[in-house]
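Survey of secondary and tertiary structure
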Amino acid sequence: MATRESFFECIFNPDGNEYRFHVRAWNAHEAEETIKASLRDNGVHDSGSLLIRDRRGAELLRSTYAFEYA
């Protein structure tokens with residue numbers, strides 16, 4: 001039986017505003033990297049906190065996002 005990627009809810013919170021995204025990834029760390037790359041690629045310069053939850057809403061990971069200039 002093949003294993004599939006799971007769905008994760010990623011909550012980005014810059015300055016009290018909350019934005020929710022849903023991504024497919026193998027684990028919470030991959031979901032975190034996916035959402036950080038998406039924010040960066042879409043030109044989001046605001047720093048904020050990230051919360052990664054599983055499908056049941058359990059918190060799996062907390063981190064921060066800060067735009068990195070190349």
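Described below are features of the structure shown in this document. (Residues numbered from 1 in each chain as written. Predicted model: local features only at pLDDT ≥ 70, side-chain atom pairs only at ≥ 80, totals over all residues. Heavy atoms only, no water.)

Focus: unusual backbone geometry
Here the phi dihedral of Asp-15 falls at roughly 55°; this positive angle occurs in a residue that is not glycine. By the element assignment, Asp-15 lies in the loop between β1 (6–13) and β2 (19–25). Exposure remark for Asp-15: the relative accessible area of 71% places this residue in the exposed category. (Helix = DSSP H or I, 4+ residues; strand = E, 2+ residues; numbered from the N terminus. Buried < 20%, exposed > 50% of the residue type's maximum accessible area, 1.4 Å probe, protein only.)

As for the packing of aromatic side chains
Applying the stated rule across the entire model yields one aromatic pair. Ring centres 5.6 Å apart and planes at 90° place the aromatic pair Phe-12 and Tyr-65 in the edge-to-face group. Pair noted here: Phe-12 is in strand β1 and Tyr-65 is in strand β4 (residues 59–65), with a separation of 53 residues, a long-range link. Tyr-65 shares its class with Phe-12; the two are buried. (Phe/Tyr/Trp six-rings, centres within 6.5 Å; stacked < 30°, edge-to-face > 60°.)

Here we look at the sheet that holds β4
Taken in spatial order, the four strands of this open sheet run β2-β1-β3-β4, and their pairing is antiparallel. Strands with a single pairing partner mark the edges of an open sheet, and in this sheet they are β2 and β4. Across the sheet, the mean angle separating the axes of adjacent strands is 25° when strand polarity is ignored. Where strand β3 (residues 48–53) lies against β4, six bridges are found, and the strand directions are antiparallel. Note that in β4 the partner of Leu-50 across the bridge is Ser-63. (Pairing = 2+ DSSP bridges. Axes fitted to C-alpha atoms, helices over the stretch in contact; angles between N-to-C directions.)

Scope: geometric values only; no functional claims are made or implied.
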